Amino acid sequence: MVEAAPFTAIPDLAGLIDIQTEATVSRTAFRAPGVRVVLFGFDAGQELTEHTAAMPVLLQVLSGRLSITADGRTEDLVPGGLIHLDTRVPHAVYAHEPSKLQLTMLDAR
């Protein structure tokens with residue numbers, strides 16, 4: 001995990017997580033007051049079933065293609081796409097191909 005400093009740079013965020021065969025893996029990549037970045041690596045066909053987060057989140061694909069289902073609709077997300085979810089919005093993630101996802105948790109407390 002990269003520790004927060006007054007100026008923090010992470011030149012290759014996607015390089016901090018690997019995709020494992022027939023698995024979903026995760027690791028916290030960065031933490032600072034009010035924010036935590038968690039990386040996920042999904043093999044094709046892997047998913048996170050419906051769940052909620054206790055704070056607003058941003059979901060951004062770093063590689064691959066994921067479907068995000070939330071609030072009654074499904075969006076395909078590819079690198080460069082971004083989804084914002086409010087606190088406690090039920091959502092699920094499905095990987096159509098090997099993919100890496102950045103989850104940014106926003107905590108204003």
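Refer to the structure printed above.
On a predicted model such as this, the values are computed, not experimentally measured, just so you know. (Residues numbered from 1 in each chain as written. Predicted model: local features only at pLDDT ≥ 70, side-chain atom pairs only at ≥ 80, totals over all residues. Heavy atoms only, no water.)

(A) Quick look at the overall build of the protein. Tallying secondary structure elements over the protein gives zero helices and 10 strands in all. Computed over its C-alpha atoms, the radius of gyration of the protein comes to 14 Å, within 12% of the 13 Å expected for a compact globule of 109 residues. Considering only contacts in the protein between residues 6 or more positions apart, those separated by 24 or more positions represent 62%. For the protein, the accessible area works out to roughly 6,300 Å², and carbon and sulfur atoms hold 50% of it. Each charge class in the protein was averaged separately, 8 positive and 13 negative side chains, and the resulting centres sit 7 Å apart. (Helix = DSSP H or I, 4+ residues; strand = E, 2+ residues; numbered from the N terminus. Rg over C-alpha atoms; globule rule 2.2 N^0.38 Å. Contact = heavy atoms within 4.5 Å. Areas by Shrake-Rupley, 256 points an atom, 1.4 Å probe, with all protein chains shown as cover. Lys, Arg positive; Asp, Glu negative; His and termini not counted. Charge placed at Lys NZ, Arg CZ, Asp CG, Glu CD.)

(B) Structural context of the pattern of salt bridges. A complete count under the given rule lists two salt bridges for this structure. Ionic pairing is found between Arg65 and Asp76, a salt bridge with its closest N-O pair at 3.3 Å. Pair noted here: Arg65 is in the loop between strand E5 (57-63) and strand E6 (66-70) and Asp76 is in strand E7 (residues 73-77), with a separation of 11 residues, a long-range link. On the accessibility criterion, Asp76 (45% relative accessible area) is partly exposed. Between Glu75 and Arg73 there is a salt bridge, with its nearest N and O atoms 3.2 Å apart. (Salt bridge = Lys/Arg side-chain N within 4 Å of Asp/Glu carboxyl O. Buried < 20%, exposed > 50% of the residue type's maximum accessible area, 1.4 Å probe, protein only.)

(C) View of the sheet that holds E6. Spatially, four strands are ordered E4-E9-E6-E7 in an open sheet, and the strand pairing comes out antiparallel. The sheet terminates laterally at strand E4 (47-51) and E7, the two strands that pair on one side only. Each strand axis lies, on average, 15° off the axis of its neighbour in the sheet, ignoring direction. (Pairing = 2+ DSSP bridges. Axes fitted to C-alpha atoms, helices over the stretch in contact; angles between N-to-C directions.)

(D) Representation of the packing of aromatic side chains within the structure. Counted under the stated rule, the structure contains one aromatic pair. Note on Phe40 and Phe42: the rings are 6.0 Å apart at their centroids and 20° apart in plane angle, and the pair reads as stacked. Phe42 carries the same exposure label as Phe40, and that label is buried. (Phe/Tyr/Trp six-rings, centres within 6.5 Å; stacked < 30°, edge-to-face > 60°.)

(E) Local environment of the sheet that holds strand E3 (residues 35-42). Pairing is mixed in the open sheet, where six strands are placed in the order E1-E2-E3-E10-E5-E8. Two strands in the sheet have a free side with no partner beyond their single neighbour: strand E1 (2-3) and strand E8 (82-85). Across two bridges, the pairing between E1 and strand E2 (residues 24-32) is parallel. Within E2, the residue paired with Glu3 across the bridge is Arg31.

(F) Quick peek at the side chain of Lys100. Position of Lys100 among the secondary structure elements: in strand E10 (residues 99-106). For the buried Lys100, no salt bridge is present, and the opposite-charge side chain at shortest range is Asp18, 4.9 Å distant. With residues near it in sequence (within four places) discarded, Lys100 still touches Ala14, Ile17, Ile19, Phe40, Gln60, Val61, Leu62 and Ser63.

(G) Examining the nonpolar core more closely. Membership of the largest hydrophobic core comes to 20 residues, with the highest contact counts inside it found for Phe42, Leu59, Leu66, Ile68, Leu85, Leu101 and Leu103. At the level of secondary structure, the elements contributing two or more residues to this core comprise E3, E5, E6, E8, strand E9 (91-95) and E10. Those residues in contact with Leu59, other than ones at most four positions away along the chain, are Ile68, Leu77, Gly81, Leu82, Ile83, Leu85, Leu101, Gln102 and Leu103. Ranked by size, the runner-up nonpolar core spans eight residues in total, among them Leu13, Ile17, Ala32 and Leu39. (Core = buried A, V, L, I, M, F, W, Y, C linked by side-chain atoms within 4.5 Å.)

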